[in-house]
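Coordinate inspection notes
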Amino acid sequence: MRYQRKTLESPEWWQSLDAYIAEQKERNRDHVQSALIPVLHHVQDTFGYIPVKAINHVAQQLGVPTAFVCGVASFYSYFSLTPKGIYTISVCLGTACYVRGSQAVLDEFCRQINCRPGESTPDGLFTVHEARCLGACGQAPVVMVNDVVYARVTPEQVPDIIAQLTAEAQAESA
Ligand code: FES
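These notes cover the structure that comes with them. In this text, all values refer to a predicted model and were calculated from it rather than measured experimentally. (Residues numbered from 1 in each chain as written. Predicted model: local features only at pLDDT ≥ 70, side-chain atom pairs only at ≥ 80, totals over all residues.)

To continue, consider the nonpolar core. Counting residues in hydrophobic clusters, the biggest one holds 18 residues, and the most contacted among them are I89, V91, C92, V105, F109 and V143. Every element with two or more residues in this core is listed here: β1 (87-92), α6 (102-113) and β2 (126-131). Judged by nonpolar contacts, the second largest core, of 13 residues, contains I21, A35, I55 and V69. (Core = buried A, V, L, I, M, F, W, Y, C linked by C-beta atoms within 7 Å. Buried ≥ 20, exposed ≤ 12 C-beta atoms within 10 Å, placed from the backbone. Helix = DSSP H or I, 4+ residues; strand = E, 2+ residues; numbered from the N terminus.)

The structure is reproduced here in structure tokens:
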């Protein structure tokens, strides 16, 4: 089974993107990069990543080279130029989490979904990442799945988390 992120993309969406780009250009007349960042966020919120088609479109609308848009999108770790799974699993390897065993948690996620950090499962369901301090050190080891925080995660809990997310995705695509 191949899971696909629901996207709001439509001809109307591209029109609304153009209106958003025009608004950002107007607001940031002297600094195109300041206009580009919110536009890239807007694109990523829709697709889950920044597809080539959108990079070309944004570059054209902002009147900057495609390489410039690519460069900015690759510089910031928040942006992704490759499709992500429906669930992005971020395992914190910051100091507080690391000393409480988060490396073993990350290893178990990787083992369960058969991916290395930064990779996605072929079915499009999971992407696993190493993260640096997710700002919840008191709950270490911390894992975030999309925007949901899992506190004090142990390797033994990982199969249940994977099973719960898989069931959730299957229910939504049924
Ligand atoms: S070190 Fe993991 S949340 Fe801060």
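Once the structure has been displayed, the description carries forward.
Along the polypeptide, Q33 turns up in helix α2 (residues 32-47). Taking the C-beta count within 10 Å as the criterion, Q33 has 11 such neighbours and is therefore assigned exposed.

Let us look at the packing of α2 against helix α3 (residues 52-62). Where α2 contacts α3, the two axes come as close as 11 Å, and the packing angle between them is 150°. Taken together, the axis directions place α2 and α3 in an arrangement best described as roughly antiparallel. For the crossing formed where α2 meets α3, the hand is right-handed. Contacts from V32, A35, L36, V39, V43 and F47 of α2 reach α3 at A54, V58 and L62. In the contact of α2 with α3, the residues fall into 9 nonpolar, no polar and no charged. (Axes fitted to C-alpha atoms, helices over the stretch in contact; angles between N-to-C directions. Parallel < 35°, antiparallel > 145°, perpendicular 65-115°, else oblique. Left-handed = near helix turned anticlockwise from the far one by under 90°. Contact = placed C-beta atoms within 7 Å. Nonpolar A, V, L, I, M, F, W, Y, C, P; charged D, E, K, R; others polar.)

This part is about the sheet that holds strand β3 (residues 143-145). Overall, mixed pairing links the 4 strands, which are arranged β2-β1-β3-β4 in an open sheet. If you trace the sheet from one side to the other, it starts and ends with β2 and β4 (148-150), each paired once. Averaged over all neighbouring strand pairs, the angle between strand axes comes to 20°, with direction disregarded. As judged from the 3 bridges shared by β3 and β4, these two strands associate in the antiparallel manner. What sits directly across from V145, in β4, is V148. The strands that α6 touches are β1, β2 and β3; relative to β1, the one it contacts most, it runs at about 150°. (Pairing = 2+ DSSP bridges.)

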